[in-house]
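Listed below, chain by chain, are the residues.
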Amino acid sequence: MLFVTVFFIIPLAMTLFMSFHDWPLIGEQSWIGATNYTELASDRQYLKSLDFTFRYTILVTPPIFILGFILASLVRHNIRFIGVFRTVFFLPVVIGLGVSSLLWVWMLDQRVGIFNKILLDLHWIAKPQLFLAKPATAMNVIILSVVWKTVGFTMILLLAGLQSIPDELYESADVDGAGYFRKLFYITLPLMRRTIALALILSVIGSVLAFDQFYIITRGGPRNSTISIVYWIFNNSFTYWKMGYGAAMSIVLLGILVALSSIQYYLLRERY
Amino acid sequence: MTPRKAVCAVLILALFIGALPLSAQDDDVAMTMWVRNIGDQVQELVDAWNDRGGSQIQLTVIPPNEFVTKMGAAIAAGESPDIASIDLIYAPAFAAAGQLLDITDWVDALPYADDLLPAHSELGTYQGRKYAVPFLIEGSFIIYNKGLFEAAGLDPEVPPSTWDELLEAARAISAIDDETYGYYFAGACAGCNAFTYLPYIWASGGDVLSADYNSATIATDPIVREALEFYRTMWEEGLIPESASIDDGSSFVSAFGTGAIGMAGTGAFGINTYRNDHPELELGAFHIPGKDGGAASFGGGDVIAIGSGTQHPEEAWAFLEWMMSDETQLELYAARNRTTVRVSMLENEYSQDDPLVLTAASALAVGKSPYSLVYNDLFNDPNGPWLEMIQIAILDGDIEGALQLGQDRFTQIIEG
């Protein structure tokens, strides 16, 4: 309880308090009521960032989940050397997101990056590509980097769920002549409902709170097309020194996350 | 004495002995100093100061794009440095926030107070009080590759003096071969383009802000549109390498050093870099021209200030005074091809035979520095309106949309 109070309730209360102030990073603060909240509606970049963050979340969640599920299925059984594969798939998770983003900056470079080298060697491209020069390709490479970075975590979560399903159920289904997909939809997925809910909620929260990869790989570009909502909160709080406005955006974002998680939890609740 | 008491006695004695060297060091005050990463000059200065003995300075170098954010956060956390070398255009904002020490009396007492560079001194002044003095002096200009000029059939001793001449030179150099380009700009670097692109507008009599800096003139000043069209033409004709579109400033200096670029904007910091790293290049320099002639420069660089929370104001001022002294300016600035902070020393025994240093110094004569409390939000922010406008106009070709966006976002920021 003490931990929750110190690290969650007090910071939340302070953020809420700050959001009703004109609170510069340096200098005197003053009470301005709900002005920060009313200003949000006319903040063009805030609305654009919200839109971008949701599009990014919708695009990045399915590949993480589907690939995580496939990998979990592949490493489910305890066969020889399976630990090596599990480790390899999980390895990117233990690298910090900042470090992995820098790694991707290097890999995407048009002069020394490995992607251009491979594509040139395969004769798929005639000249080095500027992956971060166009909004669509910038978004795609970010998604690729995040899937690479986080899929191992989803794999581990789903693997735990898969291994908790008794083998007898599959053996009975085999006796009844059920095929792969029938077993998947009538045994595996229903019994993994809680695990799937956890994996999806964590993945969606992580995507809505995405920051490092945009700050480091794209710097919000090109043409400010990849500024996530947390990036915009950071900019307002620390670059423009508008801590109160940043706090108001954070409170709204918290509300959005609570709503999203509640909806997911409701849809994936146990129904028996 | 019991063993426990004996241990306690030994520990207490050790504490006293440990404290002795600390009190002996009190004379040598240790100060912290922050600077953005713009070359070795500051490290050399600090090393020279520390070698003299007495108070010592511990230098922290911060990436340029992070400086304002880190400085603001440090001040908010009560961890600000004793001395800060600040990009001069941020000085008013830090002074307004009460974070810099008022050094008016000390500055006014200097025998050469009126000799300090005026543009930098003005930005170190807030509401009539002085908070910072000139430190690193950078006037923007164009550096050019004389070898490529010659190869393109141009006279290397007669650089362009109008936009049309610059365009023609860029075309001729780009025509040499597919790997050579006439011009370079860092297309994803906000600050670089304030430094090297704004002067094209100023030199033609235009501006993006009103004279009192309180309103935007992007959509109303025809020169702004023409300047965007000028760069757009170079981009569209392939006179600028495609990789420039994603250069966030990391290749701002190095691109020209490859030897494949004819002309590029730079500052005094570029002179030593190119000479040391690329001695094979034959370099020339000229002022940033206006549309039909004239010249302008961004009076940039850093001012140096003392943090209002410092415990060592006298020692910090002693460093500033030493930095501005005749000897330091001559031996650690002029002798190393750096522009001095004193007007009377801009031309000195070291600069007389060096056309590049003279161009860098004389650029200050046509230099201008916007005085705005929201400069960072307007120009230097990588996600700010200045860079977005440039990218939409020059890289995408939507000049009309860029002008409107720039006007709207500038106005929104200025009006708070």
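Cut-offs applied
Residues numbered from 1 in each chain as written. Chains lettered and ligands numbered in written order. Predicted model: local features only at pLDDT ≥ 70, side-chain atom pairs only at ≥ 80, totals over all residues. Heavy atoms only, no water. Contact = heavy atoms within 4.5 Å. Buried area = accessible area lost by both parts, 1.4 Å probe. Salt bridge = Lys/Arg side-chain N within 4 Å of Asp/Glu carboxyl O. Polar contact = N/O pair within 3.5 Å; in protein donor to acceptor, adjacent residues only side chain to side chain. Helix = DSSP H or I, 4+ residues; strand = E, 2+ residues; numbered from the N terminus. Nonpolar A, V, L, I, M, F, W, Y, C, P; charged D, E, K, R; others polar. Phe/Tyr/Trp six-rings, centres within 6.5 Å; stacked < 30°, edge-to-face > 60°. Buried < 20%, exposed > 50% of the residue type's maximum accessible area, 1.4 Å probe, protein only. Lys NZ or Arg CZ within 6 Å of the ring centre and 35° of its normal. Domains from an automatic or database assignment. Pairing = 2+ DSSP bridges. Disulfide = S-S within 2.5 Å. Patch = residues over 30% accessible without salt bridge, like charges linked within 9 Å, V, L, I, M, F, W, Y side chains within 5 Å. Areas by Shrake-Rupley, 256 points an atom, 1.4 Å probe, with all protein chains shown as cover.

So, the interface of chain B and chain A
Right, on to step 1. Counting residues at the interface gives 31 residues for chain B and 26 residues for chain A.
Right, on to step 2. For the pairing of chain B and chain A, the buried interface totals around 2,300 Å² over both sides, and the portion due to carbon and sulfur atoms is 49%.
Right, on to step 3. Linking chain B with chain A are four salt bridges.
Right, on to step 4. A salt bridge links Lys-127 of chain A to Glu-242 of chain B; the shortest N-O distance between them is 3.1 Å.
Right, on to step 5. One can count ten residue pairs in polar contact (both at pLDDT 80 or more) joining chain B with chain A.
Right, on to step 6. Where the side of chain B that touches chain A is concerned, the elements lending two or more residues are helix H3 (67-76), helix H4 (91-96), helix H17 (375-380), helix H18 (385-395) and helix H19 (399-414) of chain B.
Right, on to step 7. Its residues assigned to classes, the side of chain B that touches chain A comprises twelve nonpolar, twelve polar and seven charged.

Details of the packing of aromatic side chains
Given two aromatic rings, one states the distance between the centres and the angle between the planes to describe the pair.
Right, on to step 1. Counted according to the given criterion, the structure contains 45 aromatic pairs over all chains.
Right, on to step 2. An angle of 70 degrees between the planes, with centres 6.5 Å apart, marks the rings of Tyr-90 of chain B and Tyr-375 of chain B as edge-to-face. Within this pair, whereas Tyr-90 of chain B is found in the loop between strand S3 (83-87) and H4, its partner Tyr-375 of chain B is found in helix H17, the two being separated by 285 residues in sequence.
Right, on to step 3. Its relative accessible area of 9% is what places Tyr-90 of chain B among the buried residues.
Right, on to step 4. For Tyr-375 of chain B, a relative accessible area of 2% translates into the label buried.
Right, on to step 5. Here the guanidinium or amino end of Arg-219 of chain A rests over the ring plane of Tyr-215 of chain A, the centre of that ring lying 4.9 Å away.
Right, on to step 6. Here the guanidinium or amino end of Arg-342 of chain B rests over the ring plane of Tyr-112 of chain B, the centre of that ring lying 4.0 Å away.

Regarding the domain arrangement of chain B
Interface size is often expressed as the accessible area that is lost when the parts come together.
All names here are of chain B.
Right, on to step 1. For chain B, the assigned domains are domain 1 (30-138 + 300-367) and domain 2 (141-298 + 371-414).
Right, on to step 2. Opposite the 28 residues of domain 1 that make contact, domain 2 presents 25 residues.
Right, on to step 3. Summing both sides of the interface, domain 1 and domain 2 together bury roughly 2,200 Å²; the carbon and sulfur share of this comes to 61%.
Right, on to step 4. Per-residue buried area on domain 1 facing domain 2 is highest for Ile-89, Glu-138 and Leu-356; these three make up 29% of the total on that side.

Things to note about the pairing of strand S7 (residues 141-145) of chain B
Each regular strand carries side chains that alternate between the two faces of the sheet.
Residue and element names in this part refer to chain B.
Right, on to step 1. The buried count for S7 comes to five of five residues, which makes it a mostly enclosed element.
Right, on to step 2. Because side chains alternate across S7, one face comprises the buried residues Phe-141, Ile-143 and Asn-145, and the other comprises Ile-142 and Tyr-144, equally buried.
Right, on to step 3. Where S7 and strand S9 (residues 261-266) come together, four bridges link them in antiparallel fashion. From the neighbouring strand, Ile-143 faces S9, where its bridge partner is Ala-264.
Right, on to step 4. Direction of pairing for S7 relative to strand S10 (residues 283-286): antiparallel, over a ladder of four bridges. Directly across from Asn-145, in S10, lies its bridge partner Leu-283.

Considerations on the state of the cysteines
Residue and element names in this part refer to chain B.
Right, on to step 1. The final tally for this structure, using the stated rule, is one disulfide over all chains.
Right, on to step 2. Across the disulfide, Cys-189 is cross-linked to Cys-192 (sulfur-sulfur distance 2.0 Å). Its S-S torsion of approximately 75 degrees makes the covalent link between Cys-189 and Cys-192 right-handed.

Let's talk about a nonpolar patch on the surface
Residue and element names in this part refer to chain A.
Right, on to step 1. There is a patch of nonpolar side chains on the surface, built from Met-1, Leu-2, Phe-3, Val-4, Val-6, Phe-7, Phe-8, Ile-9, Ile-10 and Met-14 and spanning about 1,100 Å² of accessible area.
Right, on to step 2. Here Val-6 shows up in helix H1 (residues 2-19).
Right, on to step 3. Accessibility expressed as a relative area gives 40% for Val-6, which makes it partly exposed.

Describing unusual backbone geometry
Right, on to step 1. With omega at -5 degrees, the peptide bond leading from Gly-221 of chain A into Pro-222 of chain A counts as cis.
Right, on to step 2. On the secondary structure map, Pro-222 of chain A appears in the loop between helix H11 (212-218) and helix H12 (229-239).
Right, on to step 3. For Phe-81 of chain A, which is not glycine, the phi dihedral falls at a positive 65 degrees.
Right, on to step 4. When you line up the elements, Phe-81 of chain A lands in the loop between helix H3 (44-74) and helix H4 (82-94).
Right, on to step 5. On the accessibility criterion, Phe-81 of chain A (55% relative accessible area) is exposed.
Right, on to step 6. If you check the backbone angles, Asn-337 of chain B has positive phi at about 65 degrees while not being a glycine.
Right, on to step 7. Structurally, Asn-337 of chain B is set in the loop between helix H15 (326-333) and helix H16 (355-363).
Right, on to step 8. In this structure Asn-337 of chain B comes out as buried when scored by relative accessible area, which is 19%.

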